[in-house]
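Structural overview
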Amino acid sequence: MPRHRELQVGASHPGSVVGRVGPVRLREGAKQRVRGQKAEVHRAPIWQKGIEEVTDTEATSVGVAAFSRGRFNDAAAAFGVSSQSSTDSLAALSIYNLGVTYGRLERTEEEIAAYDEVVARFGDAEEFELRESVARALFNKGAALGARHRHQEVITACEEVIARFGDAEEPE
């Protein structure tokens, strides 16, 4: 199962980023920084300030900007801030994006835990935006499990997508 490495960035909040950030091509130097970030996290002061001194919605935008520049640890920190939002759609979006970011950092267990959190917190929601985050989280969880050769768990994740959304209609 291919990895679905696309940030979800379409929350309907004032000031939010609209659209999708697909696969990001990294320059060789950025690829080396990502590999090196596993050992020690170095955050430039401007990114640190952008993460700590902003609203939840702005933290999501900082996360998307950091992700698109290959600064995955900074993106994870920003999504961690916005995942604490009291606005369900922003929290779901941020936790999902945190999972995608952990996937880029090859932190698979944390990636899966983030997707599980989306499902646990928002799995019974009726709002389309939240249901979409849950469906994407389950799909990505299956992809992450597949990369670890945990095939029975992949089947379970796929079955859960079908059980939850097999008869769902898209909103008009």
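Residues numbered from 1 in each chain as written. Predicted model: local features only at pLDDT ≥ 70, side-chain atom pairs only at ≥ 80, totals over all residues. Heavy atoms only, no water.

What to know about helix 6 (residues 108–122)
Put simply, the test is: Put simply, DSSP marks the helices as runs of H or I at least four residues long and the strands as runs of E at least two long, and each gets a number from the N terminus on. To estimate the expected span of a helix, count its residues, drop one, and scale the result by 1.5 Å. Only protein chains enter the accessibility calculation, which uses a 1.4 Å probe. A residue is then buried if its area is under 20% of the maximum for its type, exposed if over 50%, and partly exposed in between. By construction, the arc corresponds to the directions joining the helix axis to the C-beta atoms. When checking whether two residues touch, look at their non-hydrogen atoms; a contact exists if any pair is within 4.5 Å.
An ideal rise of 1.5 Å per residue puts 21 Å on 15 residues; helix 6 measures up with 21 Å between its terminal C-alpha atoms. Of the positions making up helix 6, those classed as buried are Thr 108, Glu 111, Ile 112, Ala 114, Tyr 115, Val 118, Val 119 and Phe 122. Taken down its axis, helix 6 places every buried residue within 155 degrees of arc, on the same side. In this structure, the buried residues of helix 6 make contact with helix 5 (88–104), helix 7 (128–147) and helix 8 (151–165).

Some details on the packing of aromatic side chains
Test applied: Only Phe, Tyr and Trp rings take part, Trp by its six-membered ring, and two of them pair if their centres are within 6.5 Å. Stacked means planes under 30 degrees apart, edge-to-face means over 60, and tilted covers everything else.
Using the criterion set out here, one finds two aromatic pairs in the structure. With centroids separated by 5.0 Å and ring planes inclined at 70 degrees, the aromatic side chains of Phe 67 and Phe 72 adopt a geometry described as edge-to-face. You'll find Phe 67 and Phe 72 in the same group, each marked buried. Both rings, one in Tyr 96 and one in Tyr 115, keep their centres 6.0 Å apart while their planes meet at 45 degrees; by these two values the pair is tilted. Of the two residues, Tyr 96 sits in helix 5 while Tyr 115 sits in helix 6, which places them 19 residues apart along the sequence. Here Tyr 96 matches Tyr 115 in class, with each residue buried.

A closer look at the packing of helix 5 against helix 7
Using the following cut-off: Every axis in this analysis is a line fitted to C-alpha atoms, fitted for helices over the stretch in contact. Angles between the N-to-C directions lie between 0 and 180 degrees. Each angle gets one of four labels, with under 35 degrees taken as roughly parallel, over 145 as roughly antiparallel, 65 to 115 as roughly perpendicular, and the rest as oblique. By definition, any crossing whose near helix is turned counterclockwise from its far helix by less than a right angle is left-handed, and any crossing with a clockwise turn is right-handed. Residues are grouped as follows: Ala, Val, Leu, Ile, Met, Phe, Trp, Tyr, Cys and Pro are nonpolar; Asp, Glu, Lys and Arg are charged; every other residue, Gly included, is polar.
In the contact formed by helix 5 and helix 7, the axes pass within 9 Å of each other and the chain directions differ by 15 degrees. One way to sum up the angle between helix 5 and helix 7 is to call them roughly parallel. Where helix 5 crosses over helix 7, the handedness of that crossing is left-handed. Note on element contacts: helix 7 touches helix 5 through Glu 129, Leu 130, Ser 133, Arg 136, Ala 137 and Asn 140, opposite Asp 88, Ser 89, Ala 92, Leu 93, Tyr 96 and Val 100. When the residues that make up the contact of helix 5 with helix 7 are grouped by side-chain class, the tally is six nonpolar, three polar and three charged.

Some words on the environment of Ser 94
Tracing the chain through its elements places Ser 94 in helix 5. As a C-alpha pair, Ser 94 and Ser 83 span eleven residues in sequence and 4.8 Å in three-dimensional space. Apart from the residues lying within four places of it in its own chain, the contact partners of Ser 94 are Thr 60, Phe 79, Ser 82 and Ser 83.

Overview of the nonpolar core
Note the threshold: Among buried residues, those of type Ala, Val, Leu, Ile, Met, Phe, Trp, Tyr and Cys that are joined through side-chain atoms within 4.5 Å constitute a nonpolar core.
Tyr 96, Val 118, Phe 122, Val 134 and Ala 137 are the most contacted members of the largest nonpolar core, which totals 26 residues. Elements represented by at least two residues in this core include exactly helix 3 (56–68), helix 4 (72–82), helix 5, helix 6 and helix 7. Sort the elements by how many residues they give to this core and helix 5 lands first, with seven residues. Setting aside residues up to four positions removed in sequence, Val 118 forms contacts with Ala 92, Ile 95, Tyr 96, Gly 123, Ser 133, Val 134 and Ala 137.

A closer look at the confidence of the model for the protein chain
What counts, and what does not: Within a predicted model, pLDDT stands for the predictor's per-residue confidence, ranging from 0 to 100.
Mean pLDDT for the protein chain: 77, with 70% of residues reaching 70 or above. In this model, residues 11–41 is a region of pLDDT below 50 whose contacts with residues beyond four sequence positions or in other chains number 55 contacts.

Let's talk about helix 5
Residues lying three or four places apart along an α-helix face the same way, a consequence of the helix completing one turn every 3.6 residues. Between its terminal C-alpha atoms helix 5 stretches 24 Å, which fits the 24 Å expected from 17 residues at 1.5 Å a residue. Most of helix 5 sits inside the fold, with 16 of its 17 residues counted as buried. Once helix 5 finishes, Glu 106 follows within two positions and takes phi at roughly 60 degrees, a positive value.

Comments concerning the pattern of salt bridges
Rule in force here: By definition, a salt bridge exists where a carboxyl oxygen of Asp or Glu is found within 4 Å of a side-chain nitrogen of Lys or Arg.
Under the definition given, this model contains seven salt bridges. The network of salt bridges with common partners includes Glu 109, Arg 150 and Glu 153.

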